[in-house]
Amino acid sequence: MDIDEFLQDAVESNPSTNTHELARECGVSEDTVSRHLLYMGKVKKISRLVPHELIFHQSAKRLEICKNLLKYPPGMIFYQKIVSCDEKWVYWHWLDRGQNAFPVAARGLLKKKIHALRFWNFEGVIHHEFVADGCSMNSEIYCEQLERLYAKLSERYPALINRKGVLFQQDKARPHTSCKTKEGLREIHGFELLPHPPYSPDLTTMAHFLQGNKIIILRMFKLWSKSSATAISKNGIEQLASRWLMVVDNIGLYFEH
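Rules used in this analysis
- Residues numbered from 1 in each chain as written.
- Predicted model: local features only at pLDDT ≥ 70, side-chain atom pairs only at ≥ 80, totals over all residues.
- Heavy atoms only, no water.
- Buried < 20%, exposed > 50% of the residue type's maximum accessible area, 1.4 Å probe, protein only.
- Salt bridge = Lys/Arg side-chain N within 4 Å of Asp/Glu carboxyl O.
- Helix = DSSP H or I, 4+ residues; strand = E, 2+ residues; numbered from the N terminus.
- Phe/Tyr/Trp six-rings, centres within 6.5 Å; stacked < 30°, edge-to-face > 60°.
- Core = buried A, V, L, I, M, F, W, Y, C linked by side-chain atoms within 4.5 Å.
- Contact = heavy atoms within 4.5 Å.
- 1 Å grid on protein atoms, 1.4 Å probe; cavity = no way out; pocket = protein on both sides within 12 Å on 5 of 7 lines; lining within 4 Å.
- Points joined across faces, edges and corners; volume = space filled by probe spheres on them.
- Nonpolar A, V, L, I, M, F, W, Y, C, P; charged D, E, K, R; others polar.
- Polar contact = N/O pair within 3.5 Å; in protein donor to acceptor, adjacent residues only side chain to side chain.
- Arc of directions from axis to C-beta.
- pLDDT = per-residue confidence, 0-100.

Asker: I tried to follow unusual backbone geometry on my own but got confused; where do I start?
Answerer: Excluding glycine, residues mostly carry a negative phi; peptide bonds, for their part, are mostly trans. The backbone of Tyr199 sits at a positive phi, close to 55°, despite the residue not being glycine. Judged by relative accessible area, Tyr199 falls into the partly exposed class, the value being 39%. Of note in the backbone geometry, Ile251 takes a positive phi value of approximately 55° without being a glycine.

If you want it as structure tokens, here you go:
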């Protein structure tokens, strides 16, 4: 087998291999491997990362729910009713000044982390909380947070509450879908749960990444609470309908942003 045949078989069987491994297996230099791959028309392309490897019934469920969501009348009256929940585990380390933080796998460290949670609408952050270090989010804690959110909404948007006009959006995390939480949401006056497809972090109102210690994160939340963030929040919510349409156009599969 000549080198071109070997390289053809190698990259077809393992497309993520690299020139160093191929050169070692062929017994030639990396430059030689690179030249042959270029001559063969092979180029290295970066894969698009997706949140989950969807199976048929998962993509079908995304398609079905997004079709139903598109039946809501579009426009600012609809968007002003939406209240969204964002949350994130934030990991921290004690480091020297100027030293970069270490990357941490999503299911990695169990200590030195903060659970940051934010409820927001088209005007910015309505309410935010931090769960105590090392504590796991559960249905009881989440229901208590929902009660505090309701108090803030009643204070800032009494007309929306009185008209039972809040469209509440949350993902499918276990504390959000438990029997206790479902019962708690039914008891909250003025809330309607906006359907959210499973395995769909791409359909949340905004991808919001938090970095730094608790003080820095708190400052970020306060910034989001100011009027300067209204345009960003408004745009994030207005993009929902276009994202639902992208899911429909992609037959329930993930789409490129």
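This is not the end of the story, as more comes after the structure.
Asker: It is not clear to me how the pattern of salt bridges should be interpreted in this structure. Could you clarify?
Answerer: Between side chains of opposite charge, a pair can form as their charged atoms come close. Counted according to the given criterion, the structure contains five salt bridges. With a closest N to O distance of 3.0 Å, Arg62 and Asp202 form a salt bridge. Taken together, the positions of Arg62 in helix α4 (residues 56–69) and Asp202 in the loop between β5 (191–193) and α10 (214–225) put the pair 140 residues apart, joining distant regions of the chain.

Asker: Sorry, what's going on with the packing of aromatic side chains here?
Answerer: Each aromatic ring pair is specified by the distance between its two centres and by the angle formed by the two planes. Under the criterion given, the structure shown has six aromatic pairs. Between Phe78 and Tyr79 the ring centres are 5.5 Å apart and the planes differ by 50°, which places this aromatic pair in the tilted class. Of the residues examined, Tyr79 reaches a relative accessible area of 9% and is grouped as buried. Ring centres 6.2 Å apart and planes at 35° place the aromatic pair Phe119 and Phe168 in the tilted group. Placement of Phe119 in strand β2 (residues 113–121) and of Phe168 in strand β4 (residues 166–169) is noted, with a sequence separation of 49 residues between them. Of the two residues examined, Phe119 and Phe168, each falls in the buried class. Among the aromatic residues, those joined into a cluster by ring pairs are Tyr72, Phe78, Tyr79 and Trp244.

Asker: I would appreciate a short explanation of the nonpolar core in the present structure.
Answerer: If you look at soluble globular proteins, the nonpolar side chains tend to sit buried side by side. Formed by 19 residues in total, the largest nonpolar core has its most connected members in Phe119, Tyr142, Leu146, Leu149, Leu153, Phe168 and Phe191. When residues of this core are traced back to their parent elements, those giving at least two are β1 (82–91), β2, β3 (124–131), α6 (139–156), α7 (158–162) and β4. For this core, the leading source of residues is α6, giving four residues. When neighbours within four sequence positions are excluded, Leu153 is seen to be in contact with Val83, Ile126, Pro158, Ile161 and Phe191. Ranked by size, the runner-up nonpolar core spans 18 residues in total, among them Cys66, Tyr79, Trp244 and Val247.

Asker: Mind showing me how you'd approach the layout of surface pockets here?
Answerer: Of the volumes computed, that of the second largest pocket is approximately 410 Å³. As for the second largest pocket, its lining consists of 16 residues, and the residues nearest its centre are Val11, Pro15, Thr17, Val43 and Lys44. With three residues, the single largest contributor to the lining of the second largest pocket is helix α3 (residues 30–39). In the lining of the second largest pocket, the residues fall into six nonpolar, six polar and four charged.

Asker: How should I be thinking about the environment of Tyr142 in this particular structure?
Answerer: With respect to the secondary-structure elements, Tyr142 resides in helix α6. Here the alpha-carbon distance between Tyr142 and His176, two residues 34 residues apart in the chain, equals 7.4 Å. Excluding residues within four positions of it along the chain, Tyr142 makes contact with Cys85, Leu117, Phe119, Met137, Phe168, Gln170, Pro175, His176 and Thr181. Within the structure, Tyr142 has its side chain in polar contact with the side chain of Gln170 (distance 2.5 Å).

Asker: Is there a simple way to think about helix α1 (residues 3–13) in this case?
Answerer: Since one α-helical turn is 3.6 residues long, residues separated by three or four positions face the same way. Of all the positions in α1, only Leu7, Ala10 and Val11 are classed as buried. End-on view of α1: buried residues confined to an arc of 90°, all on one side of the axis. Pointing more than 90 degrees away from the buried face of α1 are the exposed residues Glu12 and Ser13. Turning to α1, the residues buried within the fold contact α2 (19–26) and α3. Sitting at the head of α1, Asp2 places a side-chain oxygen 3.2 Å from the backbone nitrogen of Asp4.

Asker: Got a minute to help me understand the confidence of the model for the protein in this structure?
Answerer: For residues with low pLDDT, the predicted coordinates do not support detailed interpretation. With 74% of its residues at a pLDDT of 70 or more, the protein shows a mean pLDDT of 78. In the model of the protein, α10 stands out as the element of lowest mean pLDDT, 54, in contrast to α4, which has the highest, 93. In this model residues 106–110 is a low-confidence stretch, pLDDT under 50, and it forms four contacts with partners more than four residues away in sequence or in other chains. Confidence over residues 207–213 falls short of pLDDT 50; this stretch has 16 contacts with residues more than four positions distant or in other chains.

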